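Descriptive structure summary
The chain contents come next:
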Amino acid sequence: MSGVRARLAALLTGREPVPEGFTGTLEQDERVLADGLGPRGSVVLATDLGLWLPPAASGEGSRRVDWHLVTKATWSGGALEVIEADEVEELEGGVVLLADRPPRRVPLATPGRLPETVHRRVTGAVKDSQHHELGDGGAWFVQRRVPGAGIVIHVRPDPGTDPEAVRTVAAGVGEKLRGAGRP
């Protein structure tokens, strides 16, 4: 599709076109919100479902990180730095334990609206967050909006925090929120 036709289609449908050079596969109803040009001509996309990161040096191909699993994203010095979390375990009370991956820095030669779109989506997924002190450590409890699942409660322990203390508090937090009529 030519550039003019793609722009016109985007205006009429409210959907951005998938940029040439994108190597991932979007879901059928997944909508592109913004894009940027990353390393070696790779494409970085923000969609309504998540952030598509370009292939990594590890050989991993383009992949989507769902918004509720982006712990932190910052824009600085011409690069987007993303900290992604893995869902490690569902604890008592329905709270999901997270573990952060190492930060990934993606330089963007042409950022477009990508940095502000990522910021808006990451902060928009957070309904509430609270830090609880747990003896010699602590943990962040975050309620996040997840498409198709409603509100999910995540807990992300601070480094060095006793895992059993996190489990105990997480069960209590989950029960308290359910008792208050929240998920």
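The residue count restarts for each chain, going from 1 along the sequence in the order it is written. The predicted origin of the model limits local features to residues at a pLDDT of at least 70 and limits the giving and counting of side-chain atom pairs to 80 or more, whereas totals for whole chains, interfaces and linings rest on all residues. Note that the side-chain values use all heavy atoms of the structure and ignore hydrogens as well as water.

**Looking at the sheet that holds strand 4 (residues 63-66)**
Counted only if it meets this: Two strands qualify as a pair provided DSSP detects at least 2 bridges between them. Where helices and strands are cited, they refer to DSSP runs of H or I of at least four residues and of E of at least two residues respectively, numbered from the N terminus. Working convention: axes come from line fits to C-alpha atoms, limited for helices to the stretch in contact. Angles between N-to-C directions cover 0 to 180 degrees. In what follows, a contact means two residues having at least one pair of non-hydrogen atoms within 4.5 Å.
The 4 strands are arranged 1-2-3-4 in an open sheet whose pairing can be described as antiparallel. The sheet is open, and its two borders are formed by strand 1 (32-37) and strand 4, each paired with just one other strand. Shown here is a sheet whose adjacent strand axes are inclined to one another by a mean of 20°, direction ignored. Note that strand 2 (residues 43-47) and strand 3 (residues 50-53) share 2 bridges and pair antiparallel. Looking across to strand 3, one finds that Leu45 is bridged to Trp52. With respect to the sheet, helix 2 (residues 114-125) is in contact with strand 1, strand 2 and strand 3, its orientation differing from that of strand 1 by roughly 135°.

**Regarding the confidence of the model for the protein chain**
This is how the line gets drawn: The predictor attaches a confidence to each residue, called pLDDT, with possible values from 0 through 100.
Confidence along the protein chain averages 87 in pLDDT terms, with 86% of residues attaining 70 or more. In the model of the protein chain, helix 1 (residues 3-13) stands out as the element of lowest mean pLDDT, 61, in contrast to helix 2, which has the highest, 96.

**Things to note about the pattern of salt bridges**
Let me state the cut-off plainly: We define a salt bridge as a side-chain nitrogen of Lys or Arg found within 4 Å of a carboxyl oxygen belonging to Asp or Glu. Relative accessibility under 20% of the residue-type maximum defines a buried residue, over 50% an exposed one, and the middle range a partly exposed one, all with a 1.4 Å probe and only protein chains included.
Under the criterion given, the structure shown has 9 salt bridges. Where Glu84 meets Arg63, a salt bridge forms, and the shortest distance between an N and an O atom there is 2.5 Å. Placement of the pair is Glu84 in strand 6 (residues 79-90) and Arg63 in strand 4, with a sequence separation of 21 residues. Classification of Glu84 by relative accessible area gives buried; the value is 9%. On the basis of relative accessible area, Arg63 is assigned to the buried category, the value being 17%. A salt bridge links Arg101 to Asp86, with the nearest nitrogen and oxygen atoms 3.1 Å apart. Of this pair, Arg101 sits in the loop between strand 7 (95-100) and strand 8 (104-107) while Asp86 sits in strand 6, placing them 15 residues apart in sequence.

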